[in-house]
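Chain by chain, the residues run as shown.
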Amino acid sequence: MKHFTHLFFIISFFISTTAVFGQCIEITAETEELYCPGEEITLTATSGFENYSWYYNFSNSNEGGQLLMESGSDNFITISASEWAVAYIYVEVDDANCTEPSPTVVWDSWVFGNIAISHEFNTIICPGDSSLIENAFNGPVNFQWYKDFEPIDGATTSSYWVTEPGTYTLQASYPQCPDFWLNSGIGPTFEFYNVQIPVINFEMVDDEPRLFITTGVDVQWYLDGEAIEGADSPIHIPTESGIYTVSAIDQNGCTVISAGYNYNVVSSNDTIQKVKFEVFPNPFQAEINIVSDINHTNGFIRIFDLTGKQVGSQRIMNNATQTTMNLNDLNKGIYLLEMIFDNGDKEVIKLIKSN
């Protein structure tokens, strides 16, 4: 549904002939027929009289007007088109040669009301989405959009797509007075929902790797940017190495996408070979002990965080069946330990650092 802020209107007024005559007094107006708001207009009366008194009326009468300028010797008056639209001006002279008012003069002036912005009623939108705001009515030909009262570079057409939170206003001008700019006033103000982005977690369940999220509905998993067919559950079992992401709809109805999770298949022939392999304590605080059987004593240990980043490594040599590894520098959390033995066997287990 569209919503409008402010309205506009255009009014033009008539100008009389360039000069008007009384029996002895004449007023001559500038030759321009149309005036824009802010412009000044000079009216000139016949010279040579001692006293000139200028008046205005809101009807076409040269009697009973409101005094505009006190009696004096100046035979001209300068007035603003913005202030005196629809005013009938006349002058009275008073000296020994002539005492009379002139016929009235009225001039043509454009008067514009404020313009309007058309926009969707709902001004709270999802990050990544956009909302169209437009000049509401025909007429203006020049436009400049503002965000938080600062001009938006290049936003000079009758519409604008909002992609950032803020208060939006519009200035515009009409072809009749292109240098006279009108402002739409305050608003509308757009906000963006504070969305809950899903976080991909990793766990081993019955020696099977799993990626999972805990928030959002209408889930879709991706591998290296390509949608995985049928992968629409909060839990996904990865079978290939690559960057996994997931999209979901949050509590505000916004579609949100997780950060990438770098998963590596950690076995030869795409399977994990089972070996006799133990790590303790687990959960741990500072150190872990790695124990293996006599057939798996030489190898290489790598530690990964849940983003796939390697955060530690150590070589096992000299047929050692037990190795101690210091992991005191790691933060509290969940990690993966990958053991690659020299005979080609591999195994991955989940580590938990408790403090």
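Position numbers for residues start from 1 in each chain and track the written sequence from start to end. Residue-level local features of this predicted model are given only where pLDDT is at least 70; pairs of side-chain atoms are given and counted only at 80 or more, and the full residue set underlies all totals for whole chains, interfaces and linings. Working from all heavy atoms in the structure, the side-chain values ignore hydrogens and water.

A. Representation of the overall build of the chain within the structure. Numbering of helices and strands runs from the N terminus, with a helix taken as a DSSP run of H or I at least four residues long and a strand as a DSSP run of E at least two residues long. Scanning the chain from N- to C-terminus turns up zero helices and 37 strands. Only protein chains enter the accessibility calculation, which uses a 1.4 Å probe; a residue whose area is less than 20% of its type maximum is buried, one above 50% is exposed, and one in between is partly exposed. When burial is assessed residue by residue, the chain has 41% of its 355 residues classed as buried. Two residues qualify as a contact provided that any one of their heavy atoms is within 4.5 Å of a heavy atom in the partner residue. Here the contacts in the chain between residues at least 6 apart in sequence split such that 57% fall between residues at least 24 apart. Within the structure as shown, the chain displays about 19,000 Å² of accessible surface, and the carbon and sulfur contribution to it stands at 48%. Throughout, the Shrake-Rupley method with a 1.4 Å probe supplies accessible areas, and for residues the shown protein chains are the sole cover considered.

B. Seen up close, the state of the cysteines. Any two cysteine sulfur atoms lying within 2.5 Å of each other are counted as a disulfide. Scanning the entire structure with this criterion turns up two disulfides. Here cysteine 36 is linked by a disulfide to cysteine 177, with a sulfur-sulfur distance of 2.0 Å. Sign of the S-S torsion, about -95° for the bond between cysteine 36 and cysteine 177, identifies this disulfide as left-handed. Of this pair, cysteine 36 sits in the loop between strand S5 (34-35) and strand S6 (40-45) while cysteine 177 sits in strand S21 (residues 177-183), and the two are 141 residues apart along the sequence. Neither residue differs from the other here; cysteine 36 and cysteine 177 are each classed as buried.

C. Examining the sheet that holds strand S24 (residues 208-212) more closely. At least two DSSP bridges between two strands are required for those strands to pair. Spatial strand order, S23-S24-S27: three strands in an open sheet with antiparallel pairing. In the strand order of this sheet, the two ends are held by strand S23 (201-205) and strand S27 (235-236), each with one partner.

D. Looking closely at the sheet that holds strand S8 (residues 66-72). Pairing within the open sheet is antiparallel, and its four strands lie in the order S8-S7-S10-S11. Among the strands making up the open sheet, the edge pair consists of S8 and strand S11 (99-101). Each adjacent strand pair in this sheet contributes to an overall mean axis angle of 10°, direction not counted. Both strand S7 (residues 52-57) and S8 contribute to a ladder of four bridges, which runs antiparallel. Its bridge partner being in S8, tyrosine 55 is matched across the sheet by leucine 67. Between N-to-C directions, angles cover 0 to 180 degrees, with each direction set by a line fitted to C-alpha atoms, over the stretch in contact for helices.

E. Structural context of the packing of aromatic side chains. Each Phe, Tyr or Trp ring, with Trp reduced to its six-membered ring, pairs with another whose centre is within 6.5 Å; inter-plane angles below 30 degrees give stacked pairs, above 60 give edge-to-face pairs, and intermediate values give tilted ones. Taken as a whole and judged by the stated rule, the model has ten aromatic pairs. Three or more aromatic residues joined by ring pairs make a cluster, and in this case those are Phe202, Tyr244, Tyr261 and Tyr263.

F. Just the pairing of strand S17 (residues 142-147), in detail. Bridge analysis of S17 against strand S20 (residues 166-174) gives six bridges, and the strand direction is antiparallel. Counted as the bridge partner of phenylalanine 143 is alanine 172 from S20. Direction of pairing for S17 relative to strand S18 (residues 150-151): antiparallel, over a ladder of two bridges. Residue pairing for S18: tyrosine 146 is matched across the bridge by proline 151. Hairpin connection from S17 to S18: two residues lie between these consecutive antiparallel strands, with aspartate 148 at a positive phi of about 50°.

G. Here's a closer look at the pattern of salt bridges. By salt bridge we mean one thing: a side-chain nitrogen of Lys or Arg within 4 Å of a carboxyl oxygen of Asp or Glu. Going through the model one piece at a time under the given rule, you end up with three salt bridges. The shortest N-O distance in the salt bridge between arginine 210 and glutamate 208 comes to 3.7 Å. Taking relative accessible area as the criterion, arginine 210 reaches 23% and is therefore assigned partly exposed. Notably, a salt bridge pairs arginine 302 with glutamate 338, separated by 2.5 Å at the nearest N-O pair. In this pair, arginine 302 sits in strand S33 (residues 299-304) while glutamate 338 sits in strand S36 (residues 333-341), placing the two residues 36 residues apart along the sequence. When its relative accessible area of 24% is taken as the criterion, arginine 302 is described as partly exposed. Its relative accessible area of 3% is what places glutamate 338 among the buried residues.

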